[in-house]
Amino acid sequence: MSQSTLSLSRPAAVAEAPLPIAIRVLRRLNPAITRILRSPLHGLVSRNLLLLTYVGATTGVRRTLPLSYVEVGARLYLCTRSSRWWRNLRNGTPVELRLRGSRVTATPVVVDLATPEALDALRAFLTANPKTGEMLYEVARGRDGRPSEADLRREVLRSVVVRLDRR
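Residues numbered from 1 in each chain as written. Predicted model: local features only at pLDDT ≥ 70, side-chain atom pairs only at ≥ 80, totals over all residues. Heavy atoms only, no water.

1. Some details on the nonpolar core
And step 1. By size, the foremost hydrophobic cluster in this structure holds 20 residues, and its most contacted members are Leu50, Leu52, Leu78, Trp85, Leu97, Val162 and Leu164.
And step 2. Put simply, the parts of the chain that give this core at least two residues each are β1 (49-55), β2 (62-68), β4 (75-80), β5 (95-99), β6 (102-110) and β7 (160-166).
And step 3. Judged by nonpolar contacts, the second largest core, of 18 residues, contains Cys79, Leu113, Leu122 and Val156. (Core = buried A, V, L, I, M, F, W, Y, C linked by side-chain atoms within 4.5 Å. Buried < 20%, exposed > 50% of the residue type's maximum accessible area, 1.4 Å probe, protein only. Helix = DSSP H or I, 4+ residues; strand = E, 2+ residues; numbered from the N terminus.)

See the structure below:
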């Protein structure tokens with residue numbers, strides 16, 4: 001199965017599921033979170049959140065979204081099950097990030113879900129962002145607080161993982 005087939009088939013089906021109320025509330029807070037991330041107070045939330053600015057592939061409209069992220073070594077990853085923003089990143093057009101108060105340019109890569117990279121990124125994402133994991137993913141946590149490997153292997157195939165290669 002090709003990368004584009006994986007990226008289109010699995011997440012599209014998941015995106016149709018009703019959103020948890022917590023996610024709907026957070027989306028209403030996006031303008032306020034965006035203002036904080038652009039301000040000198042960004043340190044309150046920028047450990048787990050960044051601003052992603054991209055141009056819509058079909059509309060050509062510039063959009064900015066606050067998103068949860070995880071950093072693994074020198075790589076940044078975004079993970080989702082319920083959003084469609086990632087579809088605008090499939091062509092590899094550079095995006096702008098507001099990362100911990102700095103502007104950064106990055107090239108997005110939608111990761112093949114069948115690779116160890118996708119599994120490792122989702123594991124790191126759910127470890128770093130446990131509340132997001134509780135809201136969106138069906139992944140139990142062990143006594144050590146780490147996500148269940150069996151659950152991760154199932155959930156990664158229902159997800160979208162985007163790597164942001166900084167320039």
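2. Let's talk about the confidence of the model for the protein
And step 1. In this model, the protein carries an average pLDDT of 87, and 87% of its residues clear a pLDDT of 70 or more.
And step 2. The secondary structure element of the protein with the lowest average pLDDT is helix α1 (residues 3-15), at 43, and the one with the highest is β5, at 98.
And step 3. Counting contacts from residues 1-15, a segment whose pLDDT is below 50, to residues more than four positions away or on other chains yields 24 contacts. (pLDDT = per-residue confidence, 0-100. Contact = heavy atoms within 4.5 Å.)

3. Remarks on the sheet that holds β7
And step 1. The sheet built from 7 strands is open, its strands ordered β2-β1-β5-β6-β7-β4-β3 with antiparallel pairing. Since the sheet does not close on itself, it has two edges, and those belong to β2 and β3 (70-72), each with one partner. The sheet shows a mean angle of 35° between the axes of neighbouring strands, taken without regard to direction.
And step 2. Lying over the sheet, helix α3 (residues 30-37) contacts β1, β2 and β5, oriented at roughly 105° with respect to β1. (Pairing = 2+ DSSP bridges. Axes fitted to C-alpha atoms, helices over the stretch in contact; angles between N-to-C directions.)

4. Brief notes about unusual backbone geometry
And step 1. Even without a glycine there, the phi angle at Arg100 is positive, about 50°.
And step 2. Examined against the element boundaries, Arg100 turns out to sit in the loop between β5 and β6.

5. As for helix α6 (residues 149-156)
And step 1. Taken together, the buried positions of α6 are Asp151, Leu152, Glu155 and Val156. Burial along α6 is one-sided: seen end-on, the buried residues are contained in an arc of 125°. Structural note: α6 exposes Ala150 and Arg153 on the side pointing more than 90 degrees away from its buried face.
And step 2. Among the structural elements, α4 (116-128) are those in contact with the buried residues of α6. (Arc of directions from axis to C-beta.)

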